[in-house]
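# Notes for the structure review
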Amino acid sequence: MSFLNLDQVIKLEQDRAIVKPTSFSQNKLERIAIAGETGSGKSTLLKMIAGLIQPDGGSIYFDGIKVLGPLEQLLPGHAQIAYLSQHFELRNNYRIEELLEMSNMVSNDLAETIFSICRISQLLKRKNDELSGGEKQRIALAKCLITAPRLLLLDEPFSNLDRVHKNIIQSVIEDIGTRLGITCMLVSHDATDALSWADRVIIMKEGSIIQEGTPKQLYYHPLTEYTAALMGEYNLIDTNLHPGFIALLGESVKGKRAMLRPEQFLIVDNNERSLSGIVEQVLFYGSHYMIHVKADGLSIKIRTNTYLYNPGDSVNIGLSYIG
């Protein structure tokens, strides 16, 4: 039996389906990321799983027992499912240790472990107005964890964070699964934030799941441009408009459109499986360079770790690999 199971779950708003019939399951300790643009229904879906929004159809089962919505019980929410909103709030005029004590349902030793995992042990004596946004988020996360949940739902945990705090929260979320043994699911409008963390990525658009699979499957084999864009930089090649790429990509793409990542191309010596082009632009991103090459009338982005070319250089491009 699945740890979590959604069966044809629907949510309507003014006779419009903001979540269309949706079904999927999650195993214990499986890490699922749900990605999609704003308005795709991912946050609404997460709140229904948490028991905070009433579905208009279908059922949600947690450990074999139906999750009740707000219309089916007095207090909304499930005791073993914690939900952290992107719009979390902390009470003012309290020390952090006082705020956490109000919610604590675990032993002192486990609470200290949670505070350590969330990187907030040094913040416990402070008050809310003495904290940064990233620190407040980690305290709100700890507040969820000390209620002893078995499933943790995170709504846009990487939004509005600078790089330093984003790296910290990514490490915290990793530790929650490995050190605390809590199953996690998160939603994000940018799937690249969860590529290294997720076991499975679910892509939503206009209330529907349009593709799901491992991060690698979705990264290298997106079914649509929408999925490709959510997963990172890509090159769209229409072989009807740019037939020169057929020799490079193979006859199977003739008359079709292909989506390839910048690192799937190389600058190579001239050969029968290469395509000639001109370097248009070279951009430095710290860990790598992005070279724009015009070939058969199309500008192709190529990722490389070395700077060997300048705008105007004649080059040949070939394929590195297909994931």
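Residues numbered from 1 in each chain as written. Predicted model: local features only at pLDDT ≥ 70, side-chain atom pairs only at ≥ 80, totals over all residues. Heavy atoms only, no water.

## Considering the sheet that holds strand β4 (residues 57–62)
Overall, antiparallel pairing links the four strands, which are arranged β2-β1-β4-β5 in an open sheet. The outermost strands of the open sheet, each flanked by one partner alone, are β2 (16–26) and β5 (65–66). With seven bridges joining them, strand β1 (residues 4–13) and β2 adopt antiparallel strand pairing. Of the residues in β2, the one forming a bridge with leucine 6 is phenylalanine 24. (Pairing = 2+ DSSP bridges. Helix = DSSP H or I, 4+ residues; strand = E, 2+ residues; numbered from the N terminus.)

## Remarks on the nonpolar core
Among the nonpolar cores identified, the biggest contains 49 residues, and Leu141 and Leu152 are the most heavily contacted of them. It is helix α4 (residues 133–145) that contributes the most residues to this core, six residues altogether. In contact with leucine 141, other than residues within four places in its own chain, are Leu84, Cys118, Leu152, Leu154, Ile169, Val172 and Ile176. (Core = buried A, V, L, I, M, F, W, Y, C linked by side-chain atoms within 4.5 Å. Buried < 20%, exposed > 50% of the residue type's maximum accessible area, 1.4 Å probe, protein only. Contact = heavy atoms within 4.5 Å.)

## A look at the packing of aromatic side chains
Evaluated as defined, the whole model comprises four aromatic pairs. Summarising the aromatic geometry, the rings of phenylalanine 3 and phenylalanine 62 are spaced 4.9 Å apart at their centres and angled 70° between planes, so their arrangement reads as edge-to-face. You can see phenylalanine 3 sitting in the segment before β1 and its partner phenylalanine 62 sitting in strand β4, a full 59 residues away along the chain. Exposure remark for phenylalanine 62: the relative accessible area of 2% places this residue in the buried category. (Phe/Tyr/Trp six-rings, centres within 6.5 Å; stacked < 30°, edge-to-face > 60°.)

## What about the pairing of strand β8 (residues 183–188)?
Of all the six residues making up β8, six are buried; the element is thus mostly covered by neighbouring parts of the structure. Neither face of β8 is left uncovered, since the one carrying Thr183, Met185 and Val187 and the one carrying Cys184, Leu186 and Ser188 both have all their residues buried. Note: strand β3 (residues 32–35) against β8, four bridges, orientation parallel. Looking at β8, one finds that isoleucine 34 is bridged to valine 187. As defined by bridge partners, strand β7 (residues 151–155) adjoins β8 across five bridges and the pair is classed as parallel.

## Some words on the pattern of salt bridges
This model, assessed by the stated rule, comprises 17 salt bridges. Across the pair glutamate 97 and arginine 95 runs a salt bridge whose closest N-O atoms are separated by 3.0 Å. Owing to a relative accessible area of 25%, glutamate 97 belongs among the partly exposed residues under this scheme. Classification of arginine 95 as partly exposed rests on a relative accessible area of 34%. The closest approach of N and O atoms between lysine 301 and glutamate 233, which form a salt bridge, is 2.7 Å. Pair noted here: lysine 301 is in strand β16 (residues 298–304) and glutamate 233 is in the loop between α7 (225–230) and β11 (235–238), with a separation of 68 residues, a long-range link. By relative accessible area, which is 41% here, glutamate 233 ends up partly exposed. (Salt bridge = Lys/Arg side-chain N within 4 Å of Asp/Glu carboxyl O.)

## Observations regarding helix α1 (residues 42–49)
Of all eight residues making up α1, seven are buried, and the element is well covered by its neighbours. Turning to α1, its buried residues number three or more, namely Lys42, Ser43, Thr44, Leu45, Leu46, Met48 and Ile49.

## A word on the environment of alanine 194
Inspection of the secondary structure assignment puts alanine 194 in the loop between β8 and β9 (200–205). You can call alanine 194 buried: its relative accessible area is 3%. The spacing of alanine 194 and phenylalanine 284 is 90 residues in sequence and 24 Å in space, taken between C-alpha atoms. Setting aside its immediate chain neighbours within four residues, alanine 194 contacts Ala33 and Leu186.

## Description of the sheet that holds strand β14 (residues 275–284)
Spatially, β13-β17-β14-β15-β16 is the arrangement adopted by the five strands of the open sheet, whose pairing is antiparallel. Each edge of the sheet is formed by a strand with only one pairing partner; in this case those strands are β13 (265–268) and β16. Direction aside, the axes of adjacent strands within the sheet are offset by 45° on average. Pairing geometry for β14 and strand β17 (residues 314–319), over four bridges, is antiparallel. Bridge pairing links isoleucine 278 to serine 314 in β17. (Axes fitted to C-alpha atoms, helices over the stretch in contact; angles between N-to-C directions.)

## Considering the packing of helix α3 (residues 108–117) against helix α5 (residues 163–180)
One can describe the packing of α3 onto α5 by two numbers: an axis separation of 10 Å at closest approach and a directional angle of 150°. The angle between α3 and α5 places the two elements in the roughly antiparallel class. Residues Leu110, Thr113, Ile114 and Ile117 of α3 form the contact with α5, whose own contacting residues are Val172, Asp175, Ile176, Arg179 and Leu180. When the residues that make up the contact of α3 with α5 are grouped by side-chain class, the tally is six nonpolar, one polar and two charged. (Parallel < 35°, antiparallel > 145°, perpendicular 65-115°, else oblique. Nonpolar A, V, L, I, M, F, W, Y, C, P; charged D, E, K, R; others polar.)

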